[in-house]
Amino acid sequence: MALKSFALALVMLVFVGLDAGATNDSHSHAQLSFSPMQIRATAPGMPSSAAYVSIANHGDAADRLIAAKTVVARRVEIHSMEMDNGVMRMRAVDGGLPIAAGEAVHLAPGGLHIMLMGLTTQLAADSQHEITLVFEKAGEITVTATVKRPADITPTMPGHNMSHQSQ
Ligand SMILES: [Cu+2]
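J.: It is not clear to me how the overall build of the protein chain should be interpreted in this structure. Could you clarify?
T.: Assigned secondary structure in the protein chain consists of one helix and 14 strands. Out of the 167 residues belonging to the protein chain, those deemed buried represent 37%. In the protein chain, 68% of the contacts between residues at least 6 apart in sequence involve partners at least 24 apart. Only carbon and sulfur atoms are counted for the fraction: they give 59% of the accessible area of the protein chain, which is about 9400 Å².

Structural data, given as structure tokens:
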């Protein structure tokens, strides 16, 4: 009996330890890591904006970005951009964005992005806002995003282009 509760205490310790590790570094959680998230700055009255980030899956199981939320937008969607009869159109990604094991997905201007709609505040350059990403397996992970002028938004992973590719 005593041995059993010792084992249980040990298991709990391990979980607490993992938890502490996760809170020490907001850019890594479970098997996922993130580049610094960037949000496109808005002029007063602009209703929407977009956020960009690269998500790398270092684990051996696929995960999926299924939603995102933030207090600065009433509605958040994961969008792709596709050419449709010569016109670039945005559309919501059906069923979430898969992130295969050992691969990275890049959300960047002109391609995949986190669409922030119904902004509750003007997004001024250099301000910071939390965005919570919801993953099928990793659960909710909140990252701090920095607002940047459109010209200052950098590709999120130097050395990688915006296509999906293996690490
Ligand atoms: Cu969009």
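J.: Sorry, what's going on with the coordination of the copper ion here?
T.: Six octahedral donors at a metal ideally form angles of 90 or 180 degrees, and four tetrahedral donors ideally form angles of 109.5 degrees. Protein ligation of the copper ion involves His-79 (ND1), Met-90 (SD), His-113 (NE2) and Met-115 (SD), the donor distances falling in the range 2.1 to 2.4 Å. Around the copper ion, the four donor atoms are arranged such that angles at the metal cover 90 to 120 degrees; this shape is classified as tetrahedral. Donor residues binding the copper ion come from one chain and are separated in sequence as H-x10-M-x22-H-x1-M. Of this pair, His-79 sits in strand E7 (residues 73-84) while Met-115 is found in strand E11 (residues 113-119), placing the two residues 36 residues apart along the sequence. With respect to class, His-79 is no different from Met-115; both count as buried.

J.: I'm lost on the packing of aromatic side chains in this one. Help?
T.: When we look at a pair of aromatic rings, we describe it by the centre distance and by the angle of the planes. Counted under the stated rule, the structure contains one aromatic pair. On the basis of an interplanar angle of 50 degrees and a centroid distance of 5.9 Å, the ring pair of Phe-34 and Phe-135 is categorised as tilted. You can see Phe-34 sitting in strand E2 (residues 32-34) and its partner Phe-135 sitting in strand E12 (residues 128-135), a full 101 residues away along the chain. Each member of the pair, Phe-34 as well as Phe-135, carries the same accessibility label: buried.

J.: Which parts of the structure should I look at to understand the confidence of the model for the protein chain?
T.: Low pLDDT means the predicted coordinates in that region are not meant to be read closely. Counting all residues, the mean pLDDT for the protein chain is 82, and 75% of those residues have values of 70 or more. Here residues 10-29 is modelled with pLDDT under 50, and outside its nearest four sequence neighbours on either side it reaches 11 contacts, counting other chains as well. Segment residues 158-167: pLDDT under 50, and 20 contacts once partners within four positions in sequence are set aside and those in other chains are kept.

J.: What is the right way to read the pattern of salt bridges from this model?
T.: Oppositely charged side chains may form a pair once their charged atoms are brought near each other. In total, this model carries six salt bridges according to the counting rule given. In this structure, Lys-69 and Glu-140 form a salt bridge, with 2.7 Å as the shortest nitrogen-oxygen distance. Placement of Lys-69 in strand E6 (residues 63-69) and of Glu-140 in strand E13 (residues 139-148) is noted, with a sequence separation of 71 residues between them. Given the relative accessible area of 40%, Lys-69 is considered partly exposed. Between Arg-75 and Glu-77 there is a salt bridge; the shortest N-O distance is 2.5 Å.

About the criteria used
- Residues numbered from 1 in each chain as written.
- Predicted model: local features only at pLDDT ≥ 70, side-chain atom pairs only at ≥ 80, totals over all residues.
- Heavy atoms only, no water.
- Helix = DSSP H or I, 4+ residues; strand = E, 2+ residues; numbered from the N terminus.
- Buried < 20%, exposed > 50% of the residue type's maximum accessible area, 1.4 Å probe, protein only.
- Contact = heavy atoms within 4.5 Å.
- Areas by Shrake-Rupley, 256 points an atom, 1.4 Å probe, with all protein chains shown as cover.
- Donors = N, O, S within 2.8 Å, 3.2 Å for Na, K, Ca; no water.
- Tetrahedral: all angles 85-135°; square planar, octahedral: opposite > 155°, others 65-115°.
- Phe/Tyr/Trp six-rings, centres within 6.5 Å; stacked < 30°, edge-to-face > 60°.
- pLDDT = per-residue confidence, 0-100.
- Salt bridge = Lys/Arg side-chain N within 4 Å of Asp/Glu carboxyl O.

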